[in-house]
Amino acid sequence: MLIDFKRLFIKQKELDLAIQANHHVTYEETTERRFLALFVEIGELANATRCFKYWSNKPSEAREIVMDEYADGLHFLLSLGIANNIEETSFLYESSDEDLSILFTKMYRLISNFKEKINEDNYRLCFENYLKIAYKLKMNEEDIFNSYLLKLGENYHRQETNY
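Below or above, wherever it landed, is the structure these notes cover. Treat the numbers as computed from the prediction; the structure is a model and nothing was measured.

1. Quick word on helix α3 (residues 63-83)
Item 1. The terminal C-alpha atoms of α3, which comprises 21 residues, lie 30 Å apart, in line with the 30 Å expected from a rise of 1.5 Å per residue.
Item 2. Most of α3 is tucked away, with 16 of its 21 residues classed as buried.

2. Remarks on unusual backbone geometry
Item 1. One non-glycine residue with positive phi stands out, namely N85, at about 55°.
Item 2. Summarising the element assignment, N85 is placed in the loop between α3 and β2 (90-92).
Item 3. Phi at K138 is positive, roughly 60°, even though this residue is not glycine.
Item 4. With respect to the helices and strands, the residue K138 is situated in the loop between α5 (120-136) and α6 (141-160).
Item 5. A relative accessible area of 68% means that K138 is categorised as exposed.

Cut-offs used in this document
- Each chain carries its own residue numbering, running from 1 in the written order of its sequence.
- Predicted model: local features are reported for residues with pLDDT of at least 70 only, side-chain atom pairs are reported and counted for 80 or more only, and whole-chain, interface and lining totals are derived from all residues.
- With hydrogens and water stripped out, all remaining heavy atoms of the structure feed into the side-chain values.
- Only runs of H or I of at least four residues qualify as helices and only runs of E of at least two qualify as strands under DSSP, and these elements are numbered from the N terminus.
- Given the number of residues in a helix, its expected span is that number minus one, multiplied by 1.5 Å.
- Burial here depends on accessible area, computed with a 1.4 Å probe over protein chains only, as a share of the maximum for the residue type. Under 20% is buried, over 50% is exposed, and the range in between is partly exposed.

By themselves, these observations are geometric and do not establish any function.
This is the structure we're talking about:
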């Protein structure tokens, strides 16, 4: 099924503009840091799921924490799309036969490919893989949007309080 993220792209652009005004930066000046932030957030999400920790019996972090970490990555994924003038806003949300650990390592590769060759096709591949991760985490469209909006409020609060 296709999910249209146009509403979230609009909200992300508004947040990005507020951050740019507060910190006197531009998309161009922060591109490298946005990519690094996305890599870090993907790692934090993987860590919260504990999917790769074959040596441990501890379960995943609580669902709310995992959803919060997912929203962090989504913020940077949206922001990179905006910064690079990607116009596509609808992406395929579907299951995958791949293990969650494979989807995470694949995500790193896809982000790297997008960084090296910025175009809509590479961006779409990143976004759709990220949605496959959401599907594996049993997050539906409402979960994705709600976790994003909850984090958006927190991010605005952070800007207002000199985070």
